[in-house]
Amino acid sequence: MQSVKRLVSRRCRPSLIQCKRSLSSLPINSSADDLQHEVLVEGRASSRIAILNRPSSLNALSTNIGAGLHKLYASWEDDPEIGFVVLKGSGRAFCAGGDIVSLYHLINEGKIEEAKEFFRTVYSFIYLVGTYLKPHVAILDGITMGGGAGVSIPGTFRLATGRTVFATPETQIGFHPDAGASFYLPRLPGHLGEYLGLTGEKLSGAEMISCGLATHYSHTEKLPLIDDELGKLVTDDPSVIESSLEKYSDVPYPEKISALHRIEVLDKCFAHDTVEEIMDALESEASATNDAWCNSTLRKLKEASPLSLKVSLRSIREGRFQTLDQCLAREYRMTLQAISKQISSDFCEGVRARVVDKDLAPKWAPSSLEKVSNDMVDQYFAPLSESEPDLDLPTKQREAFN
């Protein structure tokens, strides 16, 4: 199986740097001063650095940030003086994902169009990152979850550190792994993607580099050296950038308790066709071995939204055979179902229980796997109505990749 690194690194070609792209400029709904505080920009010899700057919110993405990044990246791609782009976060997070508390309030206030605009904006930016004509370096120093993974993993290089904490925890809030997760999760070794997507379990930086989610790993204390090294480069050549990153790379080893050391058991359990079969396999394995990992995994699955588990498993399985743009378009359709509350209110209930009220006692509806019908799941994957446009991505101008 091709690694994630090889899948994406082939896209950057120095000969393409001069090409111009006609990109739609997304509206920025806040003042320029607000955006300058939320996204800091640093100019270097031949690069630009965008720094997500909402540390109190763990650099959670908003519509304004997504639109602002899109506009910056489009202008940088068209600038022949800029060779590559770096994305970082301030504080203890790279990016914890979308601002789900704001989305929760928008949905409950009936401002569905504003919620849709958030997802259109962020997904469109992710597609831009995934088809970017210049090398892209994401410094994942800290919390990297959900949409934070979405705006970094499709890029050329992802540098993990000892502070990196990765997760796709959407099933725990009644949602589905989105922001391109259904593209990169099934491309991980074996059935690791199903495990991560269904349980929301965390990975360390060492685990990210081991499974291919990260392309490089360095100890946090080396970041100033890396920053200085990248700042001096005058290049648009991915191999030069890669050599600079490797100069300060370390070789970490996942801890003994890591799921990566249980990949055979993980594959055996998560290879099954249904969530019920996966849980039965874990139950059998736990009974036979009394393995703490099996029991912990079962507990995480039982805490998740039953509907989200079934929807997410199908999404990851379909994503294995789809391009990035196809995954994003499908995830957008699924997302509109999730925020509409027509099938279930699990998303708002999950955010309420986990983040707003923090009682950690979501009341899922349906409340069990057996109550989740095939029709419910099918509706998440059904085409949108004629009055509801699909996610509009510039696939004719920007080549999607497999």
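Fair warning: this is a prediction, and the values are worked out from it, not measured in the lab.

Student: Any chance you could break down unusual backbone geometry for me, citing the residues and the numbers?
Tutor: Note the cis peptide between A365 and P366, where omega equals 5°. Residue placement: P366 occurs in the loop between α17 (346-356) and α18 (374-381). Positioned with a positive phi, K358 is a non-glycine residue whose angle comes to about 60°. For K358, the position within the fold is in the loop between α17 and α18. With relative accessibility at 58%, the residue K358 sits in the exposed group.

Student: Please give an account of the layout of surface pockets that cites residues and values.
Tutor: In this structure, the largest pocket encloses a volume near 900 Å³. Top element by residues in the lining of the largest pocket is helix α5 (residues 112-130). It accounts for four residues. Split by residue class, the lining of the largest pocket holds 22 nonpolar, seven polar and eight charged. Its boundaries defined by the atoms lining it, the second largest pocket holds a volume of some 380 Å³. Residue lining of the second largest pocket: 18 residues in total, with K202, E207, I257, S258 and A259 positioned closest to the centre. Among the secondary structure elements, those contributing two or more residues to the lining of the second largest pocket are α8 (192-199), β9 (203-204), α9 (205-211) and α14 (292-303). It is α14 that contributes the most residues to the lining of the second largest pocket, four residues altogether.

Student: Go over the UniProt feature "domain: Enoyl-CoA hydratase/isomerase" (unreviewed entry) in the protein chain, please, and point to the residues and values.
Tutor: As annotated by UniProt and renumbered to match this structure, "domain: Enoyl-CoA hydratase/isomerase" (unreviewed entry) occupies residues 48-381. The span residues 48-381 is 51% helical and 10% strand by assignment, and the distance between its end C-alpha atoms comes to 39 Å.

Rules behind the numbers
Residues numbered from 1 in each chain as written. Predicted model: local features only at pLDDT ≥ 70, side-chain atom pairs only at ≥ 80, totals over all residues. Heavy atoms only, no water. Helix = DSSP H or I, 4+ residues; strand = E, 2+ residues; numbered from the N terminus. Buried < 20%, exposed > 50% of the residue type's maximum accessible area, 1.4 Å probe, protein only. 1 Å grid on protein atoms, 1.4 Å probe; cavity = no way out; pocket = protein on both sides within 12 Å on 5 of 7 lines; lining within 4 Å. Points joined across faces, edges and corners; volume = space filled by probe spheres on them. Nonpolar A, V, L, I, M, F, W, Y, C, P; charged D, E, K, R; others polar. UniProt positions renumbered as here; feature names shortened; annotations may be inferred.

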